[in-house]
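Coordinate inspection notes
Given next are the chains, with one letter for each unit.
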Amino acid sequence: MKPKTSRLPSAGIVLMALTLSCILGIQSARAETFVVEQITDVKASGAQKMFRFAPELLRLEVGDEIEFRNSIRGHTVHTIPALWPENAPPIAISYKPNATVRFPEPGVYGFKCQRHGVYGMAMLVIVGDPKKIDDLGERIDAAKLSDDAKQKLKSIISNAGLTP
């Protein structure tokens, strides 16, 4: 007579399946890395179009990263304090061909090139679902920025439909 076998999987198989699903779940939940180039377009008409971040607006999820490229030969990446979450550490990148920044909390993050911000070289990053976005225009007005940088940032939020 043949011994009865259970049709249920053994505890080892169940444990292995759970472990594998957890590992795959963690891998699919990994943060994305986006690239932002710092451009000097010598063929552009005027300094306001010559110096820029590309793209000038990014929407990220909490935990995502940006790799800033070309922080050399004059380009930098610096925090705009008026457009920055209170608990996020400030950013200052200079003289690096590549630098990666992680965004651990929701909010609006403003960046400028220290040298070319006077010409409007600025960008915005919106992470998650920030609570403080309805006063973005006022915060831009209050920021210590050139008129060209303020105009660029207002243009970015207007084109993105972020103005009330």
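Whatever comes next refers back to the structure up there.
All of the points below concern the structure found in this document.

Reading guide: rules and limits
Residues numbered from 1 in each chain as written. Predicted model: local features only at pLDDT ≥ 70, side-chain atom pairs only at ≥ 80, totals over all residues. Heavy atoms only, no water. Phe/Tyr/Trp six-rings, centres within 6.5 Å; stacked < 30°, edge-to-face > 60°. Helix = DSSP H or I, 4+ residues; strand = E, 2+ residues; numbered from the N terminus. Buried < 20%, exposed > 50% of the residue type's maximum accessible area, 1.4 Å probe, protein only. Lys, Arg positive; Asp, Glu negative; His and termini not counted. Salt bridge = Lys/Arg side-chain N within 4 Å of Asp/Glu carboxyl O. Polar contact = N/O pair within 3.5 Å; in protein donor to acceptor, adjacent residues only side chain to side chain. Contact = heavy atoms within 4.5 Å.

1. A few points about the packing of aromatic side chains
Inspection of every chain in the model, using the stated rule, returns six aromatic pairs. Between Trp84 and Tyr109 the ring centres are 4.8 Å apart and the planes differ by 85°, which places this aromatic pair in the edge-to-face class. Of this pair, Trp84 sits in the loop between strand E4 (65-79) and strand E5 (92-102) while Tyr109 sits in strand E6 (residues 107-112); the two residues are 25 residues apart in sequence, bridging distant segments of the chain. There is no split in this pair, since Trp84 and Tyr109 are both buried. Residues Trp84 and Phe111 carry aromatic rings whose centres are separated by 5.2 Å and whose planes lie at 90° to one another, so their mutual orientation is edge-to-face. Within this pair, whereas Trp84 is found in the loop between E4 and E5, its partner Phe111 is found in strand E6, the two being separated by 27 residues in sequence. No difference in accessibility class separates Trp84 from Phe111, as the two residues are buried. Every member of this aromatic cluster is reached through a ring pair, and the members are Phe68, Trp84, Phe103, Tyr109 and Phe111.

2. Re the side chain of Asp64
For Asp64, the location among the structural elements is in the loop between strand E3 (57-60) and E4. Although Asp64 is buried, it makes no salt bridge; Arg102 carries the closest opposite charge, 8.2 Å away. From its side chain, Asp64 meets the backbone nitrogen of Glu32 in a polar contact 2.9 Å long. If sequence neighbours within four positions are ignored, Asp64 has contacts with Ala31, Glu32, Phe34, Val101, Arg102 and Phe103.

Worth remembering: the numbers are spatial, not functional.
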